[in-house]
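Given next are the chains, with one letter for each unit.
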Amino acid sequence: MTATSPDRAVTARPAAQPPNYLTEGGSTLRSWLLTHDHKRIAILYALTITVFFFFGGAAAAMIRLNLVTPPGIFAADTYNRLFSIHGIVMVWFFLIPSIPNTLGNFLLPMMIGAKDLAFPRINLLSWYLFVVAGVVALVAVIAGGVDTGWTFYTPFSTMYSNSYVILAISAVFISGFSSILTGLNFIVTVHRLRAPGMTWYRLPIFVWSNYSTAIILVLATPVLAITLALLAVERLLQVGIFDPALGGDPLLFQHLFWFYSHPAVYIMILPGFGVISEVVPCFSRKPIFGYKFVAWASVSFTAVSFLVWAHHMFVAGMSVYAALVFSLLSYIIAVPSAIKVFNWTATLHKGWISFDAPMLYALGFIGLFTTGGLSGLFTANLAFDVHVTDTYFVVAHFHYIMVGGMVSAYFAGLHFWWPKITGRIYHEWWARIAALLIFVGFNLTFFPQFILGYLGMERRYHSYPPEFQFWNILSSAGASILALGYVMPLFYLTWSLYRGQRAGANPWAATGLEWTTPSPPPKHNFDKTPTVTRPPYQYRPEPEPQDAQGHA
Amino acid sequence: MNQGIHFLPETASAHAGEMDWLFAGLMITSAMILALVFGLMLVFCVRYRRNSGAERGNRLGKTWRVEVGWTVATFVLFLGLYFWGANLYLKLHRPPDDTTDIFVVAKQWMWKVEHPSGQREINELHVPVDRPIRLVMTSQDVIHDFAVPAFRIRRDVLPGRYESMWFRPTKVGQYRLFCAEFCGTEHAHMTGIVTVMEQGDYQRWLDAQGPGETLVAQGAALFRQYGCSGCHGPAGTVHAPPLEGLFGRPVPLADGSMVTADEGYIRDSILLPKSRIAAGYPAIMPSYDGQIGEEDLFKLVSYVKSLGNASPGAGERPAP
């Protein structure tokens, strides 16, 4: 993205670009690595997480390749290290930072009419911590990898694994600090830097959901850090914390780990909800249905997400009564999810719907998230969970939420705000094809895994009984379509940087504050601080696009 | 376990049948919701596409009533599913009184099974059909998980404590057993076969394994060998709690609380005697932690159990 040079681009309108954040402040490497501009930092994040996405994706591809035949291709240890690094990289180095740190970083200040985040230097520090964490993770992989899975269950991880556990948890530990700092920055920004007239009920849902995410980041991440520190203490110093042979409690680790990792699911999905809540109203030309309900549903996730961690442990040896309570709480958290889905659907009602790429990704999100969410009713159900937990049913369930849901939402947002971020418009036709391929490929990959799980195929098996082969072949075939779908945006988006038509300030005729400033935005976002007088999403039925270019 | 395309797993326990009904209930509910959401999306997307001439007057104004309506409807529906699943889960955790107790030790990477009458097998489990079987399980190293999809049961097997699980097989045949909790390099190969046999066949199978000593008898020998009988036996000179009639009874503890004398309590009393002291007895028993292996522990527990049973030897072999 640093290569964006307005001079070389072929445009329909060769008018000189006004100075923007890409040109102001220089285009040297130094000016990027020392920037305090939230927009440039967002781009640094975008580049880094893209690298991690394809790294984790490559591991996933090898996993699917291995599972085409029942005995597998790789040695057991190789396979164990592959799925572990796939999980660790995708969770901590892609899913958790993806929307908040790229789109959130870029848009949050602009959406509330601010010049920057509250602590620009801390924002840069967060990125450096993230990069250091990423490097440590890669060192762990190069050194030989880790074979514990992303969950690091004890006492396997503390006393039995012969792999690079300490390096891997150090990477996660460091990335935690990056999360905490980003969360803090977002919370203070939303509280302190809103433009005049930007009341809480005039905030776009994207801001509400990133704000809610930030609260979870700040509250949950320290628990993970402490848990991993305890893991290191037991592994390095043989102090009995989790291993019963040393006098510890193996379930203690799971309680602590899931106390972070369940809320982490909402860290991943909430910002996605925010994106969808921007995209669906824009392409339906209607205000979001039930604004206050959607906003408060976001906030309610933060509270309830902390109350359901033990639903990962229904067969782990917890008391029956604890299981009864956690199952009930898990059913309660399904209610705000349902509210969101119903509200998005109702937003379509009597709209003027157009099917541009962001909308296709968003509609795909609603379908995949609903399927994933409904399969959550199965896994939260005590007796059913006993049969499917630790099987591919669970693998399918959380991939529907996190990959089908979260990644689709990320792509919806990336396409929606791409013209704002880069000042360029991508090739619409290719984008629609990619959205379609991703939807089809995703379902073909993960739906068979629900069936596999119900049949009893366990997770983390490098080889499996032959009766499961048919569904595994189908799943791997789907994965190759999915991979193609994920690689395509890499090409057409890069292409748009050089050849894409220039975007005006507001190519979608959207209503957010971020669309009132030029694309790409100037260094300080707004020439003068805007005053907000209206609620968000005041869409009029038939828009008169201020800039119809490249947008038929 | 033949090859080919399968849509549903085999159903080979009483619980599996009930679980499949629950599955059907969940499927119907979610299919309805899915049809509703997808249906509405599809209808709206077609009807209200930008260029369509559909009527758009009279939009929904107030959302309050709609929101409360679908929130309450969702919640009530979910609550019903919750109670259904919770009820079945409770049943799964309440074994009948007449179970045959089989011990299972998990270790990287195998399942070691000990039958009450002393037969041992590895990565195999033979059980009689239509009899409630209770597995008492522990691990020698990391966390494992004993899963039999055809019975729709699974439970984590943790080091340092006993987990138990029961089932009643209903169909003669062979079913796969998996380790479901990742446990290291050969995790995928920590599998086995559960063979469900007719009562008579099972008895013949037990006999063919050689008479062997029952776990109770082996436990009784260990009871003397480890010196337990010195204090707890009839000739004991030390003031130690008597073990006759102990199993399954509530025990008052020195701190005023009560505990039921189950396998876990007996195990803890051998390994961590200072942790839960019976009321009225001095805490003088030494710990046997690290001195007795898991399999010997099972035998000792079986022996103590047998002392508690009203009819001696009832725990030794299943009634015909």
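Since the model is a prediction, treat every value here as computed from it, not as a measurement.

Quick notes on the rules
Residues numbered from 1 in each chain as written. Chains lettered and ligands numbered in written order. Predicted model: local features only at pLDDT ≥ 70, side-chain atom pairs only at ≥ 80, totals over all residues. Heavy atoms only, no water. Helix = DSSP H or I, 4+ residues; strand = E, 2+ residues; numbered from the N terminus. Rg over C-alpha atoms; globule rule 2.2 N^0.38 Å. Buried < 20%, exposed > 50% of the residue type's maximum accessible area, 1.4 Å probe, protein only. Salt bridge = Lys/Arg side-chain N within 4 Å of Asp/Glu carboxyl O. Pairing = 2+ DSSP bridges. Axes fitted to C-alpha atoms, helices over the stretch in contact; angles between N-to-C directions. Contact = heavy atoms within 4.5 Å. Expected span 1.5 Å × (residues − 1). Bend = angle between axes of the 7 residues up to and from the residue. Buried area = accessible area lost by both parts, 1.4 Å probe. Polar contact = N/O pair within 3.5 Å; in protein donor to acceptor, adjacent residues only side chain to side chain. Parallel < 35°, antiparallel > 145°, perpendicular 65-115°, else oblique. Nonpolar A, V, L, I, M, F, W, Y, C, P; charged D, E, K, R; others polar. Phe/Tyr/Trp six-rings, centres within 6.5 Å; stacked < 30°, edge-to-face > 60°. Lys NZ or Arg CZ within 6 Å of the ring centre and 35° of its normal.

Draft legend 1. Inspection of the overall build of chain B at higher detail. Summing up its helical and strand segments, chain B has 7 helices and 12 strands in all. Whereas a compact globule of 320 residues would reach a radius of gyration of roughly 20 Å, chain B reaches 27 Å, over 25% beyond that. Projected onto the principal axes, the alpha-carbon positions of chain B cover approximately 100 × 50 × 40 Å. When each of the 320 residues of chain B is scored for burial, the buried share is 49%.

Draft legend 2. Looking closely at the pattern of salt bridges. All names here are of chain B. This structure, assessed with the given rule, holds 19 salt bridges over all chains. Note that K112 and E295 form a salt bridge whose closest N and O atoms lie 2.6 Å from each other. One end of the pair, K112, is in strand 2 (residues 110–114); the other, E295, is in helix 7 (residues 294–308), and 183 residues separate them in sequence. For K112, a relative accessible area of 15% puts it in the buried group. Given a relative accessible area of 16%, E295 falls into the buried group. Note that E163 is salt-bridged to R161, the shortest N-O span being 3.2 Å. Among the charged side chains, a salt-bridge network with shared partners connects D101, R134, E263 and K305.

Draft legend 3. Looking closely at the sheet that holds strand 5 (residues 133–139) of chain B. All names here are of chain B. Strand order in this open sheet of 5 strands is 3-2-1-5-8, and the pairing throughout is mixed. Two strands lie at the open edges of the sheet, namely strand 3 (120–122) and strand 8 (163–167), each paired on one side alone. Sheet twist, expressed as the mean angle between neighbouring strand axes with direction ignored, is 25 degrees. The sheet contact formed by strand 2 and strand 3 spans 3 bridges and is antiparallel. Bridging across to strand 3, K112 finds its partner in I122. Along the sheet face, helix 7 touches strand 1 (100–107), strand 2, strand 3 and strand 5 and points at about 160 degrees away from the line of strand 1.

Draft legend 4. A look at the environment of P97 of chain A. Residue and element names in this part refer to chain A. Considering the arrangement of structural elements, one finds P97 in the loop between helix 3 (76–95) and helix 4 (98–111). With 277 residues separating them along the chain, P97 and L374 place their C-alpha atoms 25 Å apart. If we skip the residues at most four places from it in the chain, P97 touches I49, V91, W92, T102 and F130.

Draft legend 5. Quick peek at helix 8 (residues 205–237) of chain A. All names here are of chain A. The end-to-end C-alpha distance of helix 8, which contains 33 residues, comes to 47 Å, matching closely the 48 Å that a straight helix rising 1.5 Å per residue would cover. Considering bend angle alone, the principal kink of helix 8 is centred on A220 and spans about 30 degrees; proline P222 follows within four residues of it. Phi for Q238, located one or two positions after helix 8, is positive at around 55 degrees.

Draft legend 6. Representation of the interface of chain B and chain A. If you look at the interface, chain B gives 86 residues, while chain A gives 88 residues. Of the roughly 7,700 Å² buried between chain B and chain A on both sides combined, carbon and sulfur atoms contribute 69%. Residues R176 of chain B and E467 of chain A are paired through a salt bridge, measuring 2.8 Å at the closest nitrogen-oxygen approach. Here chain B is connected to chain A by 22 residue pairs in polar contact (both at pLDDT 80 or more). Contributing elements (two or more residues each) for the side of chain B that touches chain A: helix 1 (14–47), helix 2 (64–92), strand 6 (144–148), strand 7 (153–157) and strand 9 (173–179) of chain B. Here the element with the most residues in the side of chain B that touches chain A is helix 2 of chain B; it accounts for 17 residues.

Draft legend 7. Local environment of the packing of helix 3 of chain A against helix 5 (residues 120–143) of chain A. All names here are of chain A. Between helix 3 and helix 5, the least distance of the axes is 12 Å, while the angle of their chain directions is 175 degrees. Our classification of the angle between helix 3 and helix 5 gives roughly antiparallel. Residues I85, W92 and F93 of helix 3 touch helix 5, and the partners they reach there are F130, A133, G134, A137 and V141. Grouping the constituent residues of the contact of helix 3 with helix 5 by class yields 7 nonpolar, 1 polar and no charged.

Draft legend 8. Examining the packing of aromatic side chains more closely. Residues and elements named next belong to chain A. Enumeration over the complete set of coordinates arrives at 80 aromatic pairs over all chains. Taking the centre distance of 5.7 Å and the plane angle of 55 degrees together, the rings of F411 and Y486 count as tilted. Remark: Y486 occurs in helix 16 (residues 469–499) and F411 occurs in helix 14 (residues 392–422); sequence separation between them is 75 residues. For F411, a relative accessible area of 6% translates into the label buried. A cation sits over an aromatic face here: R40 above W32, 4.3 Å from the ring centre.

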